[in-house]
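# Survey of secondary and tertiary structure
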Amino acid sequence: MSEPIVVGLLGITHPHASARVRALWEIDGVSVVAAADDDSRLKYFTDKYGLEARTIDGVLGDPEITAIMVHSKSKDMVAHAERAIAAGKSVVVEKPGGGDVADLKRLRELEVEANAKGLVVQVGYNVRLAESIEQAARLIDDGVIGDVVTVSARGAALVGEHLTQHLNQPADMGGVLWILGCHMLDSLVRVFGAPESVNARVHKSPKLSGADSREDSAAVLLNYPDMSMTFSFDGHDNREWFESSGITVYGTAGQLEVGVLPQRLRVYVDADRNGYRAGWTEWTQSYFTPPFARTEDNKFSELPELENLSNFHPEMRGWVESMRNGSPVVSPVSDALTVARIVDACYRSEQARGAEVGIESD
């Protein structure tokens, strides 16, 4: 019998909150019982998902609750995580894990304290767990396309999302690049590790939006000692969330094209190798994937409620397995801190008109 895990939520207005609740429902021995938020929409959320509406103290003070999901405003994420860990509960903290680099540094300190207590701290990055990205990482590690020499990556957000309050929280260090571009940057960190530096231009266009929102797009060079990497981000994509996001990897003996929604992978090799025939091999998870977000309105979030749980299933399974069996954390704080440092360096590079800015390392 698997060890039972009882989960509570701190914060409910993020659209990922309901997605994780539904993903946890499908794991044996896991229950989600309560949520807390000072937002007036709390009762709507708890009624919809069969939870008990409580205060923060009411959630953290419940000895039966063993784990906490933090879906608050970015500026409050680390404070909530700190209280949860002090109460002896493991946590998953919604990405990006805080409002700025200082928050992520503090979360890493808390992770050390948590680990000493046998607790787990995970950051809510789940695009990195897409099967297409996981397969690409294995193929690169196995040398199927030879040595990687060039990487071209793209991220995108749906038109209008950058105007929401969620993307313009005053305490956050940035806007759509920080809150949404972080997903694809995290996937790059997952596969290739941290760059040494960046050169970046972060754009604001009067053709696209006014002064009431932050950046519209970004163009970034991620500088590694042995390969070239570019990352473009657009906050005004007309297609479905992540549909045009992807990574192309060029190697000395082949090429990979990785898609996120729908998950897809195209592999080109110049000769038969590792079970792949010379030429192209293509895999697609689904040609008719469920939409990423539900189109009908909901009453707990200003953004559409998520429908496609493909990446939330491995994310939540990973969190549960780390708590039950001590399995490696699937989205560690160290990587989230690296992403925060990259985004911060992008903003500083823009202030210096694209000058190279180093990435801090430990």
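What you are looking at is a predicted structure, and each value in this text was computed from that prediction instead of being measured.

### Side note on helix α1 (residues 16-25)
- α1 sits mainly inside the fold: 9 of its 10 residues count as buried.
- Burial in α1 covers these residues: H16, A17, S18, A19, R20, V21, R22, A23 and L24.

### Considerations on the packing of α1 against helix α9 (residues 312-325)
- It is at 9 Å that the axes of α1 and α9 come closest, and there the two elements cross at 65 degrees. On the basis of the axis angle, α1 is roughly perpendicular to α9. The handedness of the crossing between α1 and α9 is right-handed. Contact with α1, carried on its side by H16, A19, R20, A23 and L24, involves F312, H313, E315, M316, W319 and V320 of α9 and no other residues of that element.
- When grouped by side-chain class, the residues that make up the contact of α1 with α9 number 7 nonpolar, 2 polar and 2 charged.

### Looking at a negative patch on the surface
- Judged by side-chain charge, D147, E196, D226 and E356 come together as a negatively charged surface patch.
- Given a relative accessible area of 55%, E356 falls into the exposed group.

### What to know about the pattern of salt bridges
- Scanning the model with the defined rule gives 28 salt bridges in all.
- K48 is the partner of E305 in a salt bridge, and the nearest nitrogen-oxygen pair spans 2.7 Å. Taken as a pair, E305 in the loop between β14 (279-284) and α9 and K48 in helix α2 (residues 42-49) lie far apart in primary sequence, 257 residues in all.
- According to the relative accessible area criterion, E305 is buried, its value standing at 3%.
- A residue is classified by how much of its surface remains accessible, and K48, at 36% relative accessible area, is partly exposed.
- When salt bridges that share partners are traced, they join K105, R108, R341, E360 and D362 into one network.

### So, the state of the cysteines
- Scanning all chains against the criterion turns up 0 disulfides.
- C182 carries a free sulfur, and the closest cysteine sulfur to it, the one in C346, is 12 Å from it.
- Here C346 falls in the buried class, since its relative accessible area comes to 0%.

### Looking at the pairing of strand β10 (residues 228-237)
- Bridge count between strand β7 (residues 148-158) and β10: 8 bridges; the pairing is parallel. The residue of β10 that forms the bridge with V151 is M229.
- Bridging between strand β9 (residues 217-223) and β10 involves 7 bridges; their strand directions are antiparallel. Along β10, the bridge assignment pairs N223 with S228.
- Hairpin connection from β9 to β10: 4 residues lie between these consecutive antiparallel strands.

### Regarding the sheet that holds strand β13 (residues 263-269)
- Read from one edge of the open sheet, 9 strands run β14-β13-β12-β11-β7-β10-β9-β8-β15, paired in mixed fashion. Two strands lie at the open edges of the sheet, namely β14 and β15 (357-358), each paired on one side alone.
- Where helix α10 (residues 333-351) meets the sheet, it contacts β8 (197-203), β9 and β15, and its direction lies at approximately 65 degrees from that of β8.

### Considering the UniProt feature "domain: Gfo/Idh/MocA-like oxidoreductase N-terminal" (unreviewed entry) in the protein chain
- Per the UniProt record, "domain: Gfo/Idh/MocA-like oxidoreductase N-terminal" (unreviewed entry) is found at residues 17-124.
- What you have in residues 17-124 is 47% helix and 21% strand, and the ends, taken at the C-alpha atoms, are 10 Å apart.

### A look at the sheet that holds strand β5 (residues 90-94)
- Spatial ordering of the open sheet is given by β3-β2-β1-β4-β5-β6, a layout of 6 strands whose pairing is parallel. Every interior strand has two partners, whereas the edge strands, β3 (52-54) and β6 (121-124), have only one. Neighbour-to-neighbour, the strand axes of this sheet turn through a mean angle of 25 degrees, independent of strand direction.

### A word on helix α5 (residues 101-116)
- Here α5 spans 23 Å end to end across 16 residues, near enough to the 22 Å set by a 1.5 Å rise per residue.
- Elements in contact with the buried residues of α5: α4 (74-86), β5, β6, α7 (176-179) and α10.
- You can read the cap of α5 off the contacts: a side-chain oxygen lies 3.3 Å from the backbone nitrogen of A102, and it is on D100.
- A positive backbone phi angle near 80 degrees is found at G118, which sits one or two residues after α5.

The rules behind these values
- Residues numbered from 1 in each chain as written.
- Predicted model: local features only at pLDDT ≥ 70, side-chain atom pairs only at ≥ 80, totals over all residues.
- Heavy atoms only, no water.
- Buried < 20%, exposed > 50% of the residue type's maximum accessible area, 1.4 Å probe, protein only.
- Helix = DSSP H or I, 4+ residues; strand = E, 2+ residues; numbered from the N terminus.
- Axes fitted to C-alpha atoms, helices over the stretch in contact; angles between N-to-C directions.
- Parallel < 35°, antiparallel > 145°, perpendicular 65-115°, else oblique.
- Left-handed = near helix turned anticlockwise from the far one by under 90°.
- Contact = heavy atoms within 4.5 Å.
- Nonpolar A, V, L, I, M, F, W, Y, C, P; charged D, E, K, R; others polar.
- Patch = residues over 30% accessible without salt bridge, like charges linked within 9 Å, V, L, I, M, F, W, Y side chains within 5 Å.
- Areas by Shrake-Rupley, 256 points an atom, 1.4 Å probe, with all protein chains shown as cover.
- Salt bridge = Lys/Arg side-chain N within 4 Å of Asp/Glu carboxyl O.
- Lys, Arg positive; Asp, Glu negative; His and termini not counted.
- Charge placed at Lys NZ, Arg CZ, Asp CG, Glu CD.
- Disulfide = S-S within 2.5 Å.
- Pairing = 2+ DSSP bridges.
- UniProt positions renumbered as here; feature names shortened; annotations may be inferred.
- Expected span 1.5 Å × (residues − 1).
- Polar contact = N/O pair within 3.5 Å; in protein donor to acceptor, adjacent residues only side chain to side chain.

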